[in-house]
Amino acid sequence: MKKTWTLNEVESLFGLPFFQLLFQAQKVHRLNFDPQQIQMSTLLSIKTGKCPEDCKYCPQSSRYKTGLKAERLLDIQNVIKAAKLAKKAGATRFCMGAAWKNPNKRDMPYLETMVKEVKALGLETCMTLGILDKQQAFQLADAGLDYYNHNLDTSPEFYESIITTRTYQDRLDTIDKVRQAGMKVCSGGIVGLGEKVTDRAALLVQLANLPQVPESIPINMLIKIKGTPLENNEDVDHFDFIRTIAVARIMMPMSFIRLSAGREDMNEQTQAMCFMAGANSIFYGCKLLTANNPAQEKDQILFNKLNINQKSTETNLTTQEQVETLEQAIMQIDTKQFYNAAIL
Ligand code: SF4
């Protein structure tokens, strides 16, 4: 049966001594994934800027003067070109993001064609387009969209300090529609918004306690962009970031935890510790929507140093099979290879 997490339990995890937390996260990680494999996604901004929403961290909001050049919706040929390049560079999933409150009805046929074309290249497809209504969710699913990204960003309690133009419930509703349409969910949050540790814990509680845990959990570190209201936020201590990854891994053992925005500011050692804490997915490529992302070459060098294979780690198992696999793995208590992290 799916575990329901309490805030107290999760705060206790955050409070563990660092190495104990990391050790526990590693054990959970190794029960479920090959620690030498990292899934790679590439993210392309298909429509940049002029977003009517007011997310305080985002340079794409029309409310902040960040000098970002707005771009119209990319034409399909350019998207396909970018997807081919991403595939050649080793990406297995191609994510397409548009700075919208929600997709417009007239854009839907275009988006559906985009999904079909990218999928035909043999890539998994993901989109992030804002709020979806039920019909749009089904249209995208019918076109073959594998994943829909819709982040919860932070705790319900802290949320209104960051976004006022859409509610937390709007986000949960979109995730629910994505599920109803049969797509996989990618949803995570951001560390460094000015939230407290309890907000980080509460965000992870929200994600882990969803009726179905997201298959993909991006954990972002705030990129402080000049012109946004959060440009002068305090830096996040990297150990606190690593802790967040480790706790997410323990709570959501079957999900891909994605080391997302903010990787550019991390040295190799910090990234390696994130992988050790259970991160097993990255964005790969030089642009993360509008912010910089480490060059592919740098990633290659780091992967070589860490003996990380560049092949997909996607599981073909259904959720039920995943749960059974975990249960079987947990049964192997006290063997040399496995340790029952669930009883700690
Ligand atoms: S995060 Fe997304 S919804 Fe919010 S302002 Fe940026 S593009 Fe718009």
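The shown structure was predicted, so the numbers you read here are calculated from the model rather than taken from an experiment.

**Student:** I tried to follow unusual backbone geometry on my own but got confused; where do I start?
**Tutor:** The phi dihedral of Asp153 is positive, around 75°, even though this residue is not glycine. Classification of Asp153 as buried rests on a relative accessible area of 1%. Phi at Asn307 is positive, roughly 55°, even though this residue is not glycine. The topology assignment puts Asn307 in the loop between α11 (296-305) and α12 (319-331). Look at Asn307 and you get exposed, because its relative accessible area is 55%.

**Student:** Whenever I open this one, the site of the ligand confuses me. Can you help?
**Tutor:** If you check the shell around the ligand, you find Cys51, Glu53, Cys55, Tyr57, Cys58, Gln60, Ser61, Ala99 and Arg166 and nothing else. Taken together, the residues of the shell around the ligand break down into 5 nonpolar, 2 polar and 2 charged.

**Student:** Sorry if this is basic, but what is going on with the packing of helix α1 (residues 7-14) against helix α9 (residues 238-251) here?
**Tutor:** When two helices pack together, their arrangement is given by the angle between the helix axes and by the axis-to-axis distance. At their nearest, the axes of α1 and α9 sit 9 Å apart, and the two run at 130° to each other. Viewed along their axes, α1 and α9 adopt a mutual orientation that is oblique. As for how α1 packs across α9, the hand of that crossing is right-handed. Facing Val10, Leu13 and Phe14 of α1, the residues of α9 in contact are Arg243, Thr244, Val247, Ile250 and Met251. By residue class, the composition of the contact of α1 with α9 is 6 nonpolar, 1 polar and 1 charged.

**Student:** Explain the UniProt feature "binding site: [2Fe-2S] cluster" (unreviewed entry) in the protein here, please?
**Tutor:** As annotated in UniProt, the feature "binding site: [2Fe-2S] cluster" (unreviewed entry) corresponds to Cys95, Cys126, Cys186 and Arg258 in the numbering used here. Spanning 164 residues, the named residues form one tight spatial group whose C-alpha atoms are at most 13.9 Å apart. Filtering out sequence-adjacent residues up to four positions away, Cys126 remains in contact with Arg93, Phe94, Cys95, Met96, Leu145, Tyr147, Tyr148 and Asn149. Note that Cys186 resides in strand β5 (residues 184-186).

**Student:** Just to check I follow, could you spell out the packing of helix α4 (residues 108-120) against helix α5 (residues 134-143) for this structure?
**Tutor:** Running from N to C, α4 and α5 cross one another at 30°; their axes reach a closest spacing of 8 Å. Overall, the two elements α4 and α5 adopt an arrangement that is roughly parallel. The handedness of the crossing between α4 and α5 comes out as right-handed. From α4, Met108, Leu111, Glu112, Val115 and Lys116 reach across to α5, where they touch Gln136, Gln139, Leu140 and Ala143.

**Student:** What's the story with the side chain of Arg258 in this structure? I'm lost.
**Tutor:** Position of Arg258 relative to the elements: it lies in strand β8 (residues 256-259). Taking the relative accessible area as the measure of exposure, Arg258 reaches 1% and is therefore buried. Within the structure, Arg258 has its side chain in polar contact with the side chain of Ser281 (distance 2.9 Å). The residues touching Arg258, leaving out its near neighbours within four places in the chain, are Gln39, Ser41, Arg93, Cys186, Ser216, Ile217, Pro218, Ile219, Ser281, Ile282 and Phe283.

**Student:** Explain the UniProt feature "binding site: [4Fe-4S] cluster" (unreviewed entry) in the protein here, please?
**Tutor:** UniProt annotation of "binding site: [4Fe-4S] cluster" (unreviewed entry) refers to Cys51, Cys55 and Cys58 when read in the numbering used here. With respect to the helices, strands and loops of the structure, Cys55 is situated in the loop between β1 (39-47) and α3 (76-88). Residue classification places Cys55 among the buried residues on the basis of a relative accessible area of 10%. For Cys55, the residues in contact, after removing those within four places along its chain, are Ser61, Tyr64, Ile162, Ile163 and Arg171. With respect to the secondary-structure elements, Cys58 resides in the loop between β1 and α3. Once residues lying within four places of it in the same chain are set aside, the contact partners of Cys58 are Tyr64 and Thr228.

**Student:** Mind showing me how you'd approach helix α8 (residues 197-208) here?
**Tutor:** Helical periodicity: at 3.6 residues per turn, an α-helix aligns residues three or four positions apart in one direction. Look at α8: 17 Å from first C-alpha to last across 12 residues, which is about the 16 Å you get at 1.5 Å a residue. Counting buried residues in α8 gives 9 out of 12 residues, a clear majority hidden from the surface. Along α8, the positions that sit buried rather than exposed are Asp199, Arg200, Ala201, Ala202, Leu203, Leu204, Val205, Leu207 and Ala208. In the core, the buried residues of α8 are packed alongside α1, α6 (156-159), α7 (168-180), β6 (189-191), β7 (216-221) and α9.

So, how was this worked out
- Residues numbered from 1 in each chain as written.
- Predicted model: local features only at pLDDT ≥ 70, side-chain atom pairs only at ≥ 80, totals over all residues.
- Heavy atoms only, no water.
- Buried < 20%, exposed > 50% of the residue type's maximum accessible area, 1.4 Å probe, protein only.
- Helix = DSSP H or I, 4+ residues; strand = E, 2+ residues; numbered from the N terminus.
- Near = heavy atom within 4 Å.
- Nonpolar A, V, L, I, M, F, W, Y, C, P; charged D, E, K, R; others polar.
- Axes fitted to C-alpha atoms, helices over the stretch in contact; angles between N-to-C directions.
- Parallel < 35°, antiparallel > 145°, perpendicular 65-115°, else oblique.
- Left-handed = near helix turned anticlockwise from the far one by under 90°.
- Contact = heavy atoms within 4.5 Å.
- UniProt positions renumbered as here; feature names shortened; annotations may be inferred.
- Polar contact = N/O pair within 3.5 Å; in protein donor to acceptor, adjacent residues only side chain to side chain.
- Expected span 1.5 Å × (residues − 1).

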